[in-house]
Amino acid sequence: MKLATVLACVALAACSQSAPVARNSGVYLLLDTSGTYRGELRKAEDVILYTLSRLEPADSFAVARIDTGSFSEKDIIAKTTFDERPSTANAQKRAFAQKVQNFIAHENSAKYTDITGGLLQAVEFLNEKGTGRKTILIFSDLEQDLEEGYVRDMEVPFKGFDVVALNVVKLRKDNYDPRQYTARLEQWRSQVEKAGGQWRVVNDLDRLDSML
Amino acid sequence: MSLNALLAITPWPVFSAIILVVLLIAVLYFARKTAHQAIRTASGALANALRVASHSLSIAQGRLAERNREVLLAAGREAKERVIEREFTRVGETVRKDLANYPHLHRGLSEAIAQIEKDHQGAVEVPPDPPGWIRAVEAVSKLEAKDGGSEVLADMHKSIVKAHKEAMEAYREASTERHELLRAMMPRWRDVQQLLTEVDKKAASLLTRSAGVDRHMQEYEQIVKREDKALSVLSSSSLVQFFVSAMVMLVALGGAAINFSLIARPMAEMVGGTSFIGVFKTADIAALVIIMVEISMGLFLMESLRITRLFPVIGALPDKLRVRMIWITFSILLLLASIEAGLAYMREVLLQDELATSALLRGGEMGVENGSLWITTAAQMGMGFILPFALVFVAIPLETFVHSLRTVLGLIGIGLMRALSLVLRVLGNGFRHLGTLAERLYDLPLFVPLWLESRLDQEDDDRGKAEPPVADLRPVRDLREVAP
């Protein structure tokens, strides 16, 4: 009798953990819509669809554009937290894909590129969702071009975030001086890692399985 | 103190080393007796402890073997009682059935025999009448021919021939009638023969059953008498049952796994796909619980039907309550099977939905409509409905497994204890011999003083032999000198 009581207590203790661990994932994809990168957006659609196929119920996903001032909810093209029921989550994925396809078909180029603002917005969104894993995907050439008056000289709190730069294309000037490309990547890497995040670059879009 | 410091006690290290060695040998020599005693005590204590442990294990193994024997005999006795009871029930059924038919059989036989007797009476040959007028013929034949005797005789001859002819015809008719009667007896004989063959068959069946009962009774007697032969048969039978039931349970486990995969995915629709209990998904646990409930209901159903006897409480319930329990457990099983069939259908629908979404996200077409899809859907639903009922029968191997497990665990325990006891005994003897070896190794560097000691002892012995012992001749002054 005593043994049964002890076993029951142990089982109950195992079941009722004090703090539930969040097992879901949150993904925030930043799309560069600047003139130098506008032509790459078709590839972004594939990345978004692939990400949708990898996400599970209760995961969160948002796609936002990078434009002149990206630290704004208005730049979020589509966002959702998938339902716990798989069938409803599938329906949400289909609707999400449709919304993104519409955006890519009708989007115009932005004059400036505020990547830091987009990253700040991403961090804020994912922290608010409180997901277990937080991933920020940056689909950009990583060339920041701020309009006068925008202050982005600050540290973004990347602790607990995976930041993945996708399809970082070489610009014309990089061809003249490849050191610029390397320096650009290095600058972002150090900025992310200094703030406690993890940095990765995936340029081969045929191998997206390493992205998430 | 380091070795260098020790070697520096004299200006010459070699000399220092020799002094040290001599000192060491002297110390070892003077401490020899105590050291030997210490080694002997230590090795003896270890050896004794191991021997006692081995002995205790042997006793425990004996007790376990006795206990196992009791369990085996009790299980065998119970099983045999069940078999004999069943055989007697069958014999009783046969006798009741045959005895119920016996009046009918008896009447049939009596009627057939009466009819045969009657026919037989009718078929008895009637002897022809003896000729009545032989004497008259003799008298006429003695008359003279002139007295007209010859004419009379001729007339008589004619009449006799005529009478003979009529008698022959009557006789033939009677014979034909008798033959007809005899022919009519044939089917009745056959009926009697058939009835007797039937009786013979039933009697033979009863005899065969009674031979079986005799055999079982003999085995039962052997078990009751606790004979070794019975024990050996029961032991091997128990092992066979253990392995066979384990194999069947493995097959059932496979069935349960398939059942689980059928309902786990749609369960996520009911309880959510992201909630966890511990490290397991709630949907998986819910599916597992449904399967476990099905197996439990199957167990109760089998118990209520008195096919298994894992819960004596259920078996001892009044018949009315037991029948109610059968219906209740069967209804719950039917309900769960229907739910599973529904979930299996839901699984197929979800799968199609997921495939369609994946195709869309891959940028492909929605896929061609498969006309034969209903076959897999129907098969899944059928499996979802049938598997819960199939799992009901797990109760039978489970009962056998549980019963034989006691014996098998006992046998394993006996084997382990026997092996451990042997190892402990060997270790005990080993320690004793190691003690002796350690004494010899201790003496090895002391060979010089020991040799000198043996020489001195020998000289003392030689001197002792040459002179008579003085001490023995002295008068005893104090009794304490000779006291032990």
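Analysis parameters
- Residues numbered from 1 in each chain as written.
- Chains lettered and ligands numbered in written order.
- Predicted model: local features only at pLDDT ≥ 70, side-chain atom pairs only at ≥ 80, totals over all residues.
- Helix = DSSP H or I, 4+ residues; strand = E, 2+ residues; numbered from the N terminus.
- Buried ≥ 20, exposed ≤ 12 C-beta atoms within 10 Å, placed from the backbone.
- Contact = placed C-beta atoms within 7 Å.
- Expected span 1.5 Å × (residues − 1).
- Pairing = 2+ DSSP bridges.
- Axes fitted to C-alpha atoms, helices over the stretch in contact; angles between N-to-C directions.
- Nonpolar A, V, L, I, M, F, W, Y, C, P; charged D, E, K, R; others polar.
- Parallel < 35°, antiparallel > 145°, perpendicular 65-115°, else oblique.
- Core = buried A, V, L, I, M, F, W, Y, C linked by C-beta atoms within 7 Å.
- pLDDT = per-residue confidence, 0-100.

Novice: Whenever I open this one, the overall build of chain B confuses me. Can you help?
Specialist: In terms of regular secondary structure, chain B is built from 13 helices and 2 strands. Burial statistics for chain B: of 484 residues in total, 15% are counted as buried.

Novice: Where do I start with the overall build of chain A in this structure?
Specialist: Assigned secondary structure in chain A consists of 6 helices and 6 strands. Counting from the amino terminus, helix and strand elements in chain A follow one another as α-β-α-β-β-α-α-β-β-α-α-β. Classification of the 212 residues of chain A by burial places 34% in the buried group. The contacts in chain A between residues at least 6 apart in sequence include a share of 80% that link residues at least 24 apart.

Novice: Looking at this structure, how should I read helix α4 (residues 115–129) of chain A?
Specialist: Since there are 3.6 residues in each turn of an α-helix, residues three or four apart along the chain are aligned in direction. All names here are of chain A. In a regular helix each residue adds 1.5 Å, so 15 residues correspond to 21 Å; α4 covers 21 Å between its end C-alpha atoms and thus fits that length. Where α4 is concerned, the buried positions are Ile 115, Thr 116, Gly 117, Gly 118, Leu 119, Gln 121, Ala 122, Val 123 and Leu 126. Buried residues belonging to α4 abut β1 (25–32), β2 (60–66), β4 (133–139) and β5 (161–166). Among the residues trailing α4, Gly 130 stands out with phi positive, at a value near 65 degrees.

Novice: Mind showing me how you'd approach the pairing of β5(A) here?
Specialist: Taken residue by residue, a regular strand's side chains alternate between the two faces of the sheet. All names here are of chain A. The buried count for β5 comes to 5 of 6 residues, which makes it a mostly enclosed element. Across 6 bridges, the pairing between β4 and β5 is parallel. Residue pairing in the sheet places Phe 139 in a bridge with Leu 166 of β5. Inspection of the sheet shows β5 paired to strand β6 (residues 198–202) by 5 bridges, in the parallel sense. Among the inter-strand pairings, Val 163 is bridged to a residue of β6, identified as Trp 199.

Novice: What exactly am I supposed to notice about the sheet that holds β4(A) here?
Specialist: Strand-to-strand pairing in sheets goes through backbone hydrogen bonds, with the strands running parallel or antiparallel. All names here are of chain A. One open sheet accounts for 6 strands, arranged β3-β2-β1-β4-β5-β6; its pairing is mixed. The open sheet terminates on both sides in strands that have one partner only, identified here as β3 (76–81) and β6. Strand after strand, the sheet turns through a mean of 15 degrees between neighbouring axes, direction not considered. In the packing of α4 onto the sheet, contacts are made with β1, β2, β3, β4 and β5, and the angle to β1 comes to roughly 160 degrees. Its contacts with the sheet put helix α6 (residues 178–194) on β5 and β6, and the angle it makes with β6 is roughly 150 degrees.

Novice: Would you mind showing me how to read the interface of chain A and chain B here?
Specialist: By a frequent convention, interface size equals the accessible area lost on bringing the separate parts together. Between chain A and chain B, the contact holds 17 residues from the first and 16 residues from the second. Looking at the side of chain A that touches chain B, the elements with two or more residues in it are α1 (2–15), α2 (41–54) and α3 (86–106) of chain A. Ranked by the residues each element gives to the side of chain A that touches chain B, the list is headed by α3(A), at 6 residues. Of the residues that constitute the side of chain A that touches chain B, the class distribution is 8 nonpolar, 4 polar and 5 charged.

Novice: Just checking my understanding: could you explain the environment of A:Ile138 for this structure?
Specialist: Residues and elements named next belong to chain A. Inspection of the secondary structure puts Ile 138 in strand β4. Along the sequence, Ile 138 and Tyr 28 sit 110 residues apart, while their C-alpha atoms lie 8.5 Å from each other. If near-sequence neighbours (up to four positions away) are discounted, Ile 138 is found in contact with Leu 30, Ile 115, Val 163, Ala 165 and Leu 166.

Novice: For this particular structure, what's the right way to read helix α2 (residues 13–30) of chain B?
Specialist: Counted at 1.5 Å a residue, the expected span for α2(B) with its 18 residues is 26 Å, and the 25 Å between its end C-alpha atoms agrees. Among the 18 residues in α2(B), 0 count as buried, and that is only a small part of the element.

Novice: Teacher, can you tell me more about the environment of B:Arg322 here?
Specialist: Along the chain, B:Arg322 falls in helix α9 (residues 319–361). Not counting residues within four places of it along the chain, the set of residues in contact with B:Arg322 comprises B:Ser304 and B:Leu317.

Novice: Can you walk me through the packing of helix α6 (residues 228–271) of chain B against α9(B) in this structure?
Specialist: The description of two helices packed together rests on the angle between their axes and the distance between the axes. All names here are of chain B. Across the interface, α6 lies against α9 with an axial gap of 8 Å and an inter-helix angle of 75 degrees. Between α6 and α9, the angle is such that the two are roughly perpendicular. Residue-level contacts link Leu 262, Ile 263, Arg 265, Pro 266 and Glu 269 of α6 to Glu 340, Leu 343, Ala 344, Met 346, Arg 347 and Leu 350 of α9. Residues belonging to the contact of α6 with α9 are distributed by class as follows: 7 nonpolar, no polar and 4 charged.

Novice: Would you take a moment to explain the nonpolar core for this structure?
Specialist: One recurring pattern in soluble globular proteins: nonpolar side chains tend to sit buried together. Of all hydrophobic cores here, the largest spans 44 residues; its most connected members are A:Tyr28, A:Leu29, A:Leu30, A:Ile136, A:Leu137, A:Ile138 and A:Phe139. The residues contacting A:Ile136, other than those within four sequence positions of it, are A:Tyr28, A:Leu30, A:Leu119, A:Ala122, A:Phe161 and A:Val163. One finds B:Leu262, B:Ile290, B:Val392 and B:Val394 within the second-largest nonpolar core, a separate group that totals 28 residues.

Novice: I'm lost on the packing of helix α3 (residues 32–122) of chain B against α6(B) in this one. Help?
Specialist: Residues and elements named next belong to chain B. Running from amino to carboxyl end, α3 crosses α6 at an angle of 85 degrees, the nearest separation of the two axes being 10 Å. Taken together, the axis directions place α3 and α6 in an arrangement best described as roughly perpendicular. Residue-level contacts link Arg 69, Leu 72, Leu 73 and Gly 76 of α3 to Ala 230, Leu 231, Leu 234, Ser 235 and Ser 238 of α6. Residues that form the contact of α3 with α6 fall into these classes: 5 nonpolar, 3 polar and 1 charged.

Novice: I'm lost on unusual backbone geometry in this one. Help?
Specialist: Across the chain, the bulk of peptide bonds are trans and the bulk of non-glycine residues have phi less than zero. All names here are of chain A. We note that Leu 142 has phi near 65 degrees; this positive angle belongs to a residue other than glycine. Positioned with a positive phi, Asn 167 is a non-glycine residue whose angle comes to about 50 degrees. Looking at where Asn 167 falls in the secondary structure, it is placed in the loop between β5 and α5 (172–176).

Novice: Help me understand the confidence of the model for chain A, please; the structure alone is not making it clear to me.
Specialist: Low pLDDT means the predicted coordinates in that region are not meant to be read closely. This prediction gives chain A a mean pLDDT of 84; 90% of its residues lie at or above 70. In the model, residues 1–7 of chain A has pLDDT below 50 throughout and makes 0 contacts with residues more than four positions away in sequence or in other chains.

Novice: How should the environment of B:Ser235 be read in this particular structure?
Specialist: All names here are of chain B. Secondary-structure assignment places Ser 235 in helix α6. Classification of Ser 235 as partly exposed rests on a count of 18 C-beta atoms within 10 Å. The spatial distance from the C-alpha of Ser 235 to the C-alpha of Val 408 is 8.7 Å, given a sequence separation of 173 residues. In contact with Ser 235, other than residues within four places in its own chain, are Leu 72 and Thr 407.

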